[in-house]
Structure formats: C-alpha cells, structure tokens
Amino acid sequence: MKSILQIENISVRYPRAVESAIESITFELQPKTITALIGPNGSGKSTLIKAILGLIPYQGKISMYGKPIEKSYRDIGYVPQRFSFDTTFPITVEEFISLTNTHKDISPDRIQEVLEQVHMLSKKNAALSQLSGGQLQRVLLARALVRKPKLLILDEPEAGVDVGGEQTFYNLLEKMVEEHAMTVLIATHELDIVYRFAENVICINRVLVCSGPPKKTLNQQMFTTLYGHELQFYGHHHDNDERIT
Ligand code: ADP
Ligand code: MG
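Owing to the predicted nature of the structure, the values given are computational and were not obtained by experimental measurement.

A.B. asks: Teacher, can you tell me more about the sheet that holds strand β2 (residues 22-29) here?
C.D. replies: Pairing between sheet strands relies on hydrogen bonds along the backbone, with the strands arranged either parallel or antiparallel. Strand order in the open sheet made by the four strands is β2-β1-β4-β5, with antiparallel pairing throughout. With partners counted over all chains shown, the strands left at the sheet margins are β2 and β5 (67-68), one partner each. Pairing of strand β1 (residues 5-12) with β2 involves five bridges; the strand directions are antiparallel. Looking at β2, one finds that Ile7 is bridged to Phe27. Of the strands in this sheet, β1, β2 and β4 (59-64) are in contact with helix α1 (residues 45-52), which crosses β1 at around 120°.

Okay, structure coming up:
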C-alpha cells in the first residue's frame, strides 16, 4: 500500500539544548489507519508532531503523498496536547471554530456539520468557557475536522477527556477513518486504547524504539526498553500550551 506520510531521518534540536530532542526518526503512515505514537514523558512525541506540522525547524525529510509536506499542510488537522484560553473571553462554540480557522471558506453549514459529527450541535451557541473538558476536546476535534483533513494528528487528547468519555471519543475517531477515509496519528499513553483502536504503533524515546502492529510490537522487553521498570510512567507537563486571546 502506498503510504500517505513519509518521515525520513527527522531530528530536532532545540536552541541551547545539549542534545537533540528527537534523533533520526524514520517511519511511514499507511492511509486510512490509526497509528498510535507512544513513549515516556519527554520522549519527543510532541516535538515530532510539531515538526510534521511545520511548527518547528527540523532536519530530515517529511513528505505527504511523496511530495514535500509544505504543499499539504492544509490537508492536516491538528488537536493540540493542551489548549488553554482566557475563560472571561465571551465566545461561543460556533464563533470559536470560525474565528480560529485561518481559511475563510468555512461556511456556517460546514460548522453545523462538524459539530453534528462530534455530537456537539446542541452546544453550538454555548459559551466555550462553559464546556466540560470532554466537550472542549470534541470542539477541538470539530475545529480540526472543518477543512476535511486527509491526515488528523492528535497529541494526547485523553488529557482533556472526561472520565468514561474516552470510549466515545475514540469511537468517533474510528468512524472518521471509516466514513471519511481519514488517516489518524495519535500520541497517547493509554495502552488499552492502543490495543483497541490502533492498527500500528510507533514507539519513540528520542530515537525510534520499535514500530508495527500493537500485538506484535508491544511486549515486556519493549516496555522495559521504552519505559524502564516503572509501572506508572506518566506525568503531564504543561509547557507548550496553545493559547488564544
Ligand atoms: P513528549 O511530548 O513525548 O512528552 P516533548 O516533545 O514535549 O516530549 O519533549 C521532548 C524533549 O524536548 C524534552 O526533553 C523537552 O524538555 C524538550 N523540549 C520540548 N519543548 C521544548 C522547547 N520549546 N524548548 C526546549 N526544549 C524543549
Ligand atoms: Mg507531549
């Protein structure tokens, strides 16, 4: 199968950092699949995603459909890891989706459609600040879907999802892949989600540790290589927030 995204020898070194945050990472994404990106906190997942999105400088080659990815940025939807905004800023769900989209061809009908897809139509005129974490997450998903992306990238979306809401959220993603021929790359630390929803998994810890179908790829030896001996391997950090207002 022809891959949709080709990542070749990607390295990122932040200014003044002693070593690269990610080093020579290579993989491909197959179309119409869900691929999970896993790795311990600080392993470079968000860095890799930002490189794919062209938000930070990188070394190496990233292509979409075999062409330089710069031509395809508008075919990519993105749900950031953290999203904070000034809750005193009076803005409705609909206004938020229309105002934070840089393309001017987004019609009210299209906004209606994506809100329906994520089961948030009833909140169209609700204040953004009144939403629960899970509702905000679905609005961010709607915002990412509005331009009908071919590739959807989500950075640890479960951080904002309501307890018990994960299932619904991932079912939604699965539906997008099936009905809209979308390809999904999702950084996550929920291993049950990886097993249940992802066809492929990419494990990184600054370098690529392993990749392949979850059942073949994820074994005890890999976990030890990837995470050391810790069982609780995650904490959240709050840098790199995306902010509006
Ligand atoms: P993950 O998303 O897997 O938790 P990150 O990509 O956020 O990992 O971070 C990878 C490494 O890069 C970490 O060591 C982190 O401290 C560093 N890093 C991330 N963002 C920046 C930045 N803006 N400036 C300098 N170092 C950064
Ligand atoms: Mg991250």
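Moving on, there is more to tell.
A.B. asks: Just checking my understanding: could you explain the site of ligand 1 for this structure?
C.D. replies: Among the 12 residues in the neighbourhood of ligand 1, the closest are listed as Gly42, Gly44, Lys45, Ser46 and Thr47. Separating an oxygen atom of ligand 1 from a backbone N or O atom of Ser43 is a distance of 3.2 Å. A distance of 2.9 Å is found between an oxygen atom of ligand 1 and a side-chain nitrogen or oxygen belonging to Ser46. Surface burial for ligand 1 is 69%, taken as the share of its 560 Å² of free accessible area covered by protein chains. In terms of residue class, the shell around ligand 1 is made up of three nonpolar, eight polar and one charged.

A.B. asks: Looking at this structure, I do not really get the coordination of the magnesium ion (ligand 2). What am I missing?
C.D. replies: Ideal donor angles around a metal are set by the shape: a four-donor tetrahedron calls for 109.5 degrees, a six-donor octahedron for 90 or 180 degrees. Listed as protein donors to the magnesium ion (ligand 2) are Ser46 (OG) and Gln81 (OE1); their distances from the metal cover 2.0 to 2.4 Å. Within this pair, whereas Ser46 is found in helix α1, its partner Gln81 is found in the loop between β6 (76-79) and β7 (83-85), the two being separated by 35 residues in sequence.

A.B. asks: It is not clear to me how the pairing of strand β10 (residues 200-205) should be interpreted in this structure. Could you clarify?
C.D. replies: Within a regular strand, the side chains alternate between the two sheet faces. Where strand β3 (residues 34-38) and β10 come together, four bridges link them in parallel fashion. Bridging from a neighbouring strand, Thr35 pairs with Asn200 of β10. Here β10 runs beside strand β11 (residues 207-212); their pairing, made up of five bridges, is antiparallel. Along β11, the bridge assignment pairs Ile204 with Leu208. Linking β10 back to β11 in an antiparallel pair, the connection comprises one residue, with Arg206 at a positive phi of about 70°.

Definitions and cut-offs
Residues numbered from 1 in each chain as written. Chains lettered and ligands numbered in written order. Predicted model: local features only at pLDDT ≥ 70, side-chain atom pairs only at ≥ 80, totals over all residues. Heavy atoms only, no water. Pairing = 2+ DSSP bridges. Helix = DSSP H or I, 4+ residues; strand = E, 2+ residues; numbered from the N terminus. Contact = heavy atoms within 4.5 Å. Axes fitted to C-alpha atoms, helices over the stretch in contact; angles between N-to-C directions. Near = heavy atom within 4 Å. Polar contact = N/O pair within 3.5 Å; in protein donor to acceptor, adjacent residues only side chain to side chain. Areas by Shrake-Rupley, 256 points an atom, 1.4 Å probe, with all protein chains shown as cover. Nonpolar A, V, L, I, M, F, W, Y, C, P; charged D, E, K, R; others polar. Donors = N, O, S within 2.8 Å, 3.2 Å for Na, K, Ca; no water.

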